[in-house]
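# Structural features, examined
Chain by chain, the residues run as shown.
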Amino acid sequence: MNLASTIAHTRYVLLNRLATPLGSFILLMMIARRSDVLLGEYALIMAFYFVMQMLPLLGLTTFVMREVARAPSQAGKFFATIGFLSILGCVLVNLLTDFAMQFFSYSSSVEQGVRILGFIIVPGILIFICEIIFMSLYQAKPVGLIALSENLSRIVLSMLVLSRNGELKELMWVFLLTRLCALSIYVVLMYRQRILVGIPRPDLDLITRTFRVLPAFLMGTLLLAFLGRLDFFVLSISEAVEVIGYYAIGYRVFDISIVILSGLIMALFPYLSRKFVQSKLQYRVALRITLLGFAAGLSLFCFIAILFGEYYVLLLFANQYPYPLLATQLFMAILVIAGIDHLCSSLLHSSDMQIEDTRALTLGAFFYVAALFFLVPAVGILGAIAARLIHNLAQLIFRLRALEKTVCGMLALRDIFRVLALMAVLGVIALLTVDANLWLKILVSLFAVTLGPALMVVIGLFQPLRILRFFRRNREKPDSATMSGLLDMIAMDLRRYSRYHNAQGRRNTNRHVLNKSQIAVLLYRISHYFHCRGMRGIAQKMTRVGSKVTGVVIAPDSEIGPGFVFSDGDKAYIRLNAGKNLTCSGNINVGNEIEEKRILGNFAMLHSNSCQNPKQ
């Protein structure tokens, strides 16, 4: 896919991932205006929905995405087969839920809502399979639009129910109706696009193949379902239902943030899965870039969210303010760890390491359960948040070790220190300004958003030139007058410099930092681009800047092919035409403003005193 298609795909995936939690969030705000008791009941029902919706898919989400991305023609078979297994899972989940409800003393309203959820999860699980199939096929537009339409309809109908003093049961029937409508649209769309042909039937060979990998996926799902809302159930035992509502307010913004992250990961997942089987080197670099990029971006996002958490609670939940405020800020603080942990889980699955991910979940479950039952009775919702931090931190350490063991050289120790240093700096600034006035918070946030990306480039967390080097294509004749050609030229220069540097037996310990010779070539490429576009004044100014910074002058009207390397020179003047893979080293002086430019072929080499033509 090109850049425009990738952006569009990511946009619609995010729209799909955000539609349901944002719809639930809007409903949460409307219910909060009605009653604290109904707010707590709704939050508890959504905890049940999370568990009941997750279990029937048997943990095969990443399996379906990975396999459909690698074999798109099998999408219909996967829908029929995994859908059949998931419906059987729905029946089993309903039986287990009915049995478990005997041991809880919930209100009749909550019990009725849970029974209706048993019907909702059937269309819900089939919709989810449709969504991940379309995402794997890079057809995310219908996925985003259907999710948006469904949740808008649900919000409107729920508002009508609340305006007529409807209760939890009526809200659940609305949810079921909108789910059935969305499933009908998906089925029609799949037939129109020939993904489904005839009556869908499960494939026996695919069932056999699925059962081979099922244990690891299923174990992971059981752990996720057990742990995902365990904090709500533990709180329901020791705290009043209103307290669960306060906790849900802080948790909801945390949950939506994780959903946004999940959307970005789902957009990347098919690409990473293919790279794993196509190019191990590009896969390793892609994992490093993804991890460091998400860590830096999450740190900045959480910093801003902590500063403005007070206004989120004050504006949207004024009736409950200030009780949920501290919980909201703490959830935003641990989002960095939880988000990176969530990302590492997906990276393990893209690396066919679902067993390692299950082991990480098992380890995290042990710490989480122990921390919840020890801390919640003592300190309430603060204990639940602390338990979640312990849980995610234990899983993250295990997952990073597993990734590094399999994808060797993915992260260096200095990379981890860079991330921790950035988190520490932002954390200190957040503590100092969290109680400041609104204008100071806005000023600090603008400062962080403006200078944060530049700081990430300086310390090596974001390396745009490394991305170019590994992921731009080699072209025979890039057009220097186009932006795409400029990027290709820069990427091919960087690759050639890396090979040249390695051939000299040198080791660059700070590869994200450009030296003077690389800066000189980079500035030449940019100035030559402006020269070809007719902006010769800008080109000359960039050449002068390059001369001041590096001591090297490369005339912008020089025509030098890709793979240009300049090395080991403090001063130089170059004006010539050359083919690909030109190598210059030492203090050289080639060409002048008066005479015609020298013309060299491919693979030319210029050293000190090897080809002089003094400037007149």
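Note that the structure is a prediction, hence the values are computed from the model and not measured. (Residues numbered from 1 in each chain as written. Predicted model: local features only at pLDDT ≥ 70, side-chain atom pairs only at ≥ 80, totals over all residues. Heavy atoms only, no water.)

## A word on the overall build of the protein
Stated formally: Helix and strand definitions here come from DSSP, where helices need a minimum of 4 consecutive H or I residues and strands a minimum of 2 consecutive E residues; each element is numbered from the N-terminal end. Burial classification: accessible surface area is computed with a 1.4 Å probe over protein chains only, and a residue below 20% of its type maximum counts as buried, one above 50% as exposed, and the rest as partly exposed. In this analysis, two residues are considered to be in contact whenever any of their non-hydrogen atoms come within 4.5 Å of each other. For every accessible area listed, the method is Shrake-Rupley and the probe measures 1.4 Å; residues are considered covered only by the protein chains on display. When charges are counted, neither His nor the chain ends are considered; positive counts come from Lys and Arg and negative counts from Asp and Glu. Where a charge lies is defined by one atom per residue type: Lys uses NZ, Arg uses CZ, Asp uses CG and Glu uses CD.
When helices and strands are counted, the protein shows 20 helices and nine strands. Its C-alpha atoms give the protein principal-axis dimensions of about 95 × 60 × 45 Å. Buried positions account for 55% of the 616 residues belonging to the protein. Across the protein, every contact between residues at least 6 apart in sequence was considered, and the portion connecting residues at least 24 apart equals 71%. With an accessible surface of roughly 28100 Å², the protein has 65% of that area assigned to carbon and sulfur atoms. Here the protein holds 58 positive side-chain charges and 34 negative ones, and the gap between their average locations is 9 Å.

## Some words on helix H5 (residues 108–136)
Filter applied, for reference: Multiplying 1.5 Å by the residue count of a helix minus one yields the expected span of that helix. The bend at a residue is defined as the angle formed between two axes, one fitted to the seven residues ending at that residue and one fitted to the seven starting there.
Between its first and last C-alpha, H5 extends 42 Å over 29 residues, near the 42 Å set by a 1.5 Å rise per residue. Most pronounced at Ile120, the bend in H5 amounts to some 35°, and the proline Pro123 follows within four residues. Within H5, 23 of the 29 residues are buried, which leaves the element mostly enclosed by the surrounding structure. Residue Tyr138 follows H5 closely and has a positive phi angle near 55°.

## Things to note about the confidence of the model for the protein
Operational definition: Confidence scores labelled pLDDT are given residue by residue by the predictor and lie between 0 and 100.
Model confidence for the protein is summarised by a mean pLDDT of 82, while 92% of its residues fall at 70 or above. Of all helices and strands in the protein, the one with the weakest mean pLDDT is helix H17 (residues 464–471) (69), whereas helix H7 (residues 168–192) scores best (91). Counted against residues more than four places away or in other chains, residues 612–616, with its pLDDT under 50, gives 15 contacts.

## Points about the packing of helix H19 (residues 516–532) against helix H20 (residues 536–550)
Packed helices, taken two at a time, are described by the angle their axes make and the gap between the axes. This is how it is decided: Axis definition: a line fitted to C-alpha atoms, limited for helices to the stretch in contact. Angles are taken between N-to-C directions and run from 0 to 180 degrees. Any angle between 65 and 115 degrees counts as roughly perpendicular, while under 35 counts as roughly parallel, over 145 as roughly antiparallel, and the rest as oblique. Gly falls in the polar group here, along with every residue not listed as nonpolar (Ala, Val, Leu, Ile, Met, Phe, Trp, Tyr, Cys, Pro) or charged (Asp, Glu, Lys, Arg).
Running from N to C, H19 and H20 point in directions that differ by 170°, and their axes come no closer than 8 Å. Here H20 runs roughly antiparallel to H19, going by the angle between their axes. Facing H19, whose interface residues are Lys516, Ile519, Ala520, Leu523, Ile526, Ser527, Phe530 and His531, H20 presents Arg536, Ile538, Ala539, Met542, Thr543, Gly546, Val549 and Thr550. Of the residues in the contact of H19 with H20, the class split is nine nonpolar, five polar and two charged.

## With respect to the environment of Phe63
You can see Phe63 is positioned in helix H3 (residues 61–70). Here Phe63 falls in the buried class, since its relative accessible area comes to 1%. Taking the C-alpha atoms as reference points, Phe63 and Gln354, 291 residues apart in sequence, are found 9.2 Å from one another.

## Considering the sheet that holds strand E5 (residues 576–578)
Going by this rule: Pairing between two strands is assigned when DSSP locates at least 2 bridges connecting them.
Read from one edge to the other, the open sheet built from three strands follows the order E2-E5-E8, with strand pairing classed as parallel. Looking along the sheet, the strands with just one partner apiece sit at the ends: strand E2 (559–560) and strand E8 (598–599). The pairing of E5 with E8 spans two bridges and is parallel. Note that in E8 the partner of Leu576 across the bridge is Arg598.

## Quick word on the pattern of salt bridges
Counted only if it meets this: By definition here, a salt bridge exists when the distance from a side-chain nitrogen of Lys or Arg to a carboxyl oxygen of Asp or Glu is within 4 Å.
Evaluation of the coordinates by the stated rule reveals nine salt bridges. Here Arg388 and Asp231 are joined by a salt bridge, their closest N and O atoms 2.6 Å apart. Highlighted residues: Arg388 in helix H14 (residues 381–406) and Asp231 in helix H9 (residues 230–238), separated in sequence by 157 residues. Of the two residues, Arg388 and Asp231, both sit in the buried class.

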